[in-house]
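Okay, here's what each chain looks like letter by letter:
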Amino acid sequence: MTDANAFERTSTVPAPDFDAIVIGAGFAGLYALHKLRDQMGLRVQVFEAGDGVGGTWYWNQYPGARCDIESLHYSYSFSAELQQDWEWSEKYASQPEILRYLNHVADRFELRKDIAFETRVTSAVWDEEGTRWQVGTQDGGTVTAQYLISGAGNLSVPKKPEFDGIDDFAGDVYLTGKWPHEGVDFTGKNVAIIGTGSSGIQAITEIAKEAKHLTVFQRTPNYASPLGNEPLNPDRVREVKANYPQVREDSRNTRGGIPYPDPLPSALAVTPEERRRVFDECWSEGGFRFFLGTFGDILVDKAANDTIAEYVREQIRQRVSDPTVAAKLTPTDYPYGTKRPPYETSYYETFNRDNVTLVDVADAPIVSVTETGVRTTEAEYDFDVIILATGFDAMTGPLLEMGIVGRDGQTLADKWADGPHTYLGLSVHGFPNLFLITGPQSPSVLYNMPLAIEDHVDFVADAIETLKHGGLDTIEPTADAETGWVAHANEIAQHTLLPETDSWWMGANIPGKPRVCLVYLGGADVYRGICADVVAKDYEGFTLSAERERASAQVG
Ligand code: N01
């Protein structure tokens, strides 16, 4: 690492240590490194907190972890050779297989040599005079770069345990989002799991097969629908690989980045028989098709939503033998799809097992963790192991943890005290040359992630190229553009059913977090059009300038 204080000692403005610093070596960081270094010839340094690549797929190694977007779609599109060569084994890839894929990508494109592992970024301060970012790391080092690119992920900061006494528990405590890489043996163990979101649902199904007894603490039941995983059909692989460019193009032109047929306009405009036929078809197809592919009004019209919600409730009741347990597992007080829907494989049947108990903690909340187990307002339970599947400080959490400070000493935490303020979910006024890959107020988690990431990294690369060609060195959104984008994103959200439900999409899972929709709900296709338009209009809403040039001239 080179000396960051060089500016003070020389009376000119030296070049920063790097052109770009990238935070994180998951899907985003790996592609950003490849794009900027190999295709643009920039000097790039990646910092990664873990000791390996993979991001979310590195940390979330809990039993049952699996992607719920089809592997043929949930993969990079930037290299025709890579997408032809790589062979997925299942329709929906397991966590180990995705991690193998990302390690393959790191090796194939020789990315590791520019990644500093086990190096967490702890501060990032905009140096006004030097017009560069000064980035501090946990080991005490500081380096500078002209551009700072966050690939820190959307779901990478697990929610802090909220239970008094958790440190006194004599057994083992595990977080799904920070799972031990050596694995955990549950044989003969009495296990508790708290949380029934996507992580909990996947973990419960697998751990129940191994543990002596599994007790599931559920606060809110979920509308889970079948994943429909199976070995990949070789004919389908051949077909997709023969048409990959078109498949990717089609994906990018849908709302969610998966090339499903468009939903029908309204659940209320068809007969009950036709509605059921559509629900049956999408249900049996599995995965996101059920969320994205039925009717266009389920997230905006409560009456339309009631039809799909009731369909799911019916399925749950059919699959769970004990009607009392089925009733507890059935959501009744929030609309379908207003929490991120989980996808399952035999989740509901898991509650028919003799070694699984469901404890509803909605009415009798967990009071504390004791030395021996869990205490609710109604009872006490003893365990050998407690698993927290309690979610993440999503979207803003990873960014606010990094100590980012922009112009005039303004912290990102202060700027975002009432929720995120971004332009396009990618940039922030007062924080020049900072790029948030799949940041809050971009489609992010509602757009097939690898494609969302590629689009953002490509946008950043084009912006940097434009600056270079123009002899410019900073890009920053205007205050007006940012205000307009936040208003636009919030307005779309207000037209949906999402704001009324407590979900991490709304920031409502973290006590004290501002309640704001963190995801752009206009659709990936619409969003891409907006971004293309911004570029076509010479980066409308951004100010591009030559600040370092100017500073250099003044110092010289
Ligand atoms: O987290 P969550 P997650 N007492 O926030 C409960 C992605 N993902 O890690 O709803 C008791 O969804 C909480 O209850 P409630 C995906 O985008 C994808 O499961 O707040 N319970 C809820 O049941 C997903 O949406 C895959 O009442 C407490 C659970 O913990 C996102 O990650 C797989 C509690 C948290 O659910 C997050 O999923 C896994 C408390 N104090 C994850 N605090 C794929 O398949 C929280 N809970 C790709």
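Given the structure is predicted, the values throughout are model-derived calculations rather than measurements.

Q: Before we move on, could you go through the overall build of the protein chain and cite the residues and values that matter?
A: Per the secondary structure count, the protein chain includes 19 helices and 20 strands. Against the globule reference of 24 Å for 556 residues, the protein chain gives a C-alpha radius of gyration of 24 Å, in line with a compact fold. Expressed along its principal axes, the backbone C-alpha trace of the protein chain runs to roughly 80 × 55 × 45 Å. Considering the protein chain as a whole, with its 556 residues, one finds that 59% of them fall into the buried category. Surface accessibility of the protein chain: about 22100 Å² in total, with carbon and sulfur atoms responsible for 48%. The positive charge centre, built from 47 side chains, and the negative charge centre, built from 82, are 2 Å apart in the protein chain.

Q: Lay out the site of the ligand in plain terms, naming residues and giving numbers.
A: Around the ligand sit 24 residues, and of these Glu162, Ser199, Arg219, Thr220 and Trp504 come closest. In this structure, Thr196 approaches the ligand through a main-chain N or O atom, which is 2.9 Å from an oxygen atom. A distance of 3.2 Å separates an oxygen atom of the ligand from a polar side-chain atom of Gln202. Taken by itself the ligand offers 920 Å² of open surface, and the protein chains cover 88% of this. If you tally residues by element for the shell around the ligand, the top one is helix H6 (residues 198–207), at 3 residues. Looking at the shell around the ligand, its residues break down into 8 nonpolar, 9 polar and 7 charged. In this structure, the shell around the ligand is formed jointly by two domains, domain 1 (4–157 + 394–555) and domain 2 (158–218 + 338–391), each of which donates at least three residues.

Q: So, the sheet that holds strand E13 (residues 366–369): which residues are in play, and what are the values?
A: Judged by pairing direction, the sheet is antiparallel, and its 3 strands sit side by side in the order E13-E14-E15 without closing on themselves. Edge strands, defined here as strands with exactly one partner in the open sheet, are E13 and strand E15 (380–382). Pairwise comparison of adjacent strand axes, ignoring direction, gives a mean angle of 20° for this sheet. In this structure, strand E14 (residues 373–376) lies alongside E15, joined through 3 bridges in antiparallel fashion. Along E15, the bridge assignment pairs Arg375 with Glu380.

Q: Run through the domain arrangement of the protein chain, naming residues and quoting values.
A: According to the domain assignment, the protein chain consists of domain 1 (4–157 + 394–555), domain 2 (158–218 + 338–391) and domain 3 (224–336). Its C-alpha centre places domain 1 at a distance of 33 Å from the equivalent point of domain 2. Taken together, the 22 residues of domain 1 in the interface contact 20 residues of domain 2. Among the residues of domain 1 in contact with domain 2, Tyr62, Pro63 and Asp68 are the three that bury the most area, contributing 30% of the side total. Counting the contacts that link domain 1 with domain 2 gives 1 salt bridge. In this structure, the salt-bridge partner of Arg340 is Asp68, at a minimum N-O distance of 2.6 Å. In this structure, the connection of domain 1 to domain 2 is made through 10 residue pairs in polar contact (both at pLDDT 80 or more). Broken down by class, the residue content of the side of domain 1 that touches domain 2 amounts to 12 nonpolar, 7 polar and 3 charged.

Q: Outline the pattern of salt bridges, supporting the account with residue identities and numerical values.
A: Evaluated as defined, the whole model comprises 36 salt bridges. The partner of Asp235 in a salt bridge is Arg238, with the nearest N and O atoms 2.5 Å apart. Of the two residues, Asp235 and Arg238 are both situated in helix H7 (residues 234–242); the distance of 3 residues between them amounts to about one turn of the helix. On the basis of relative accessibility, which here comes to 53%, the residue Arg238 falls in the exposed class. With a shortest N-O distance of 3.0 Å, Glu310 and Arg313 are connected by a salt bridge. Highlighted residues: Glu310 and Arg313, both in helix H11 (residues 302–319), separated by 3 residues, approximately one helical turn. In the salt-bridge network here, residues are joined through shared partners; they are Glu274, Arg277, Glu281, Glu285 and Arg289.

Q: Which residues make up the environment of Glu476, and what are the values?
A: Turning to its location among the elements, Glu476 is positioned in strand E19 (residues 474–477). Considered as a pair, Glu476 and Asp127 are 349 residues apart in the sequence and their alpha carbons are 14 Å apart. If we skip the residues at most four places from it in the chain, Glu476 touches Arg407, Val428, His429, Gly430, Phe431, Pro432, Gly541, Phe542 and Thr543. Polar side-chain contacts of Glu476 include one of 2.5 Å to the side chain of Arg407.

Q: Explain the sheet that holds strand E8 (residues 190–194) to me, using residue names and the numbers behind them.
A: Read from one edge to the other, the open sheet built from 5 strands follows the order E7-E16-E8-E9-E12, with strand pairing classed as parallel. Whereas interior strands pair on both sides, the edge strands pair on one side only; in this sheet they are strand E7 (172–175) and strand E12 (356–360). Pairwise comparison of adjacent strand axes, ignoring direction, gives a mean angle of 20° for this sheet. The sheet contact formed by E8 and strand E16 (residues 385–388) spans 4 bridges and is parallel. Each residue of the ladder has a partner; that of Ile193, found in E16, is Ile387. Contacting E8, strand E9 (213–218) and E16, H6 crosses the sheet at an angle of about 165° to E8.

Here is what the cut-offs are and how they apply
Residues numbered from 1 in each chain as written. Predicted model: local features only at pLDDT ≥ 70, side-chain atom pairs only at ≥ 80, totals over all residues. Heavy atoms only, no water. Helix = DSSP H or I, 4+ residues; strand = E, 2+ residues; numbered from the N terminus. Rg over C-alpha atoms; globule rule 2.2 N^0.38 Å. Buried < 20%, exposed > 50% of the residue type's maximum accessible area, 1.4 Å probe, protein only. Areas by Shrake-Rupley, 256 points an atom, 1.4 Å probe, with all protein chains shown as cover. Lys, Arg positive; Asp, Glu negative; His and termini not counted. Charge placed at Lys NZ, Arg CZ, Asp CG, Glu CD. Near = heavy atom within 4 Å. Polar contact = N/O pair within 3.5 Å; in protein donor to acceptor, adjacent residues only side chain to side chain. Nonpolar A, V, L, I, M, F, W, Y, C, P; charged D, E, K, R; others polar. Domains from an automatic or database assignment. Pairing = 2+ DSSP bridges. Axes fitted to C-alpha atoms, helices over the stretch in contact; angles between N-to-C directions. Contact = heavy atoms within 4.5 Å. Buried area = accessible area lost by both parts, 1.4 Å probe. Salt bridge = Lys/Arg side-chain N within 4 Å of Asp/Glu carboxyl O.

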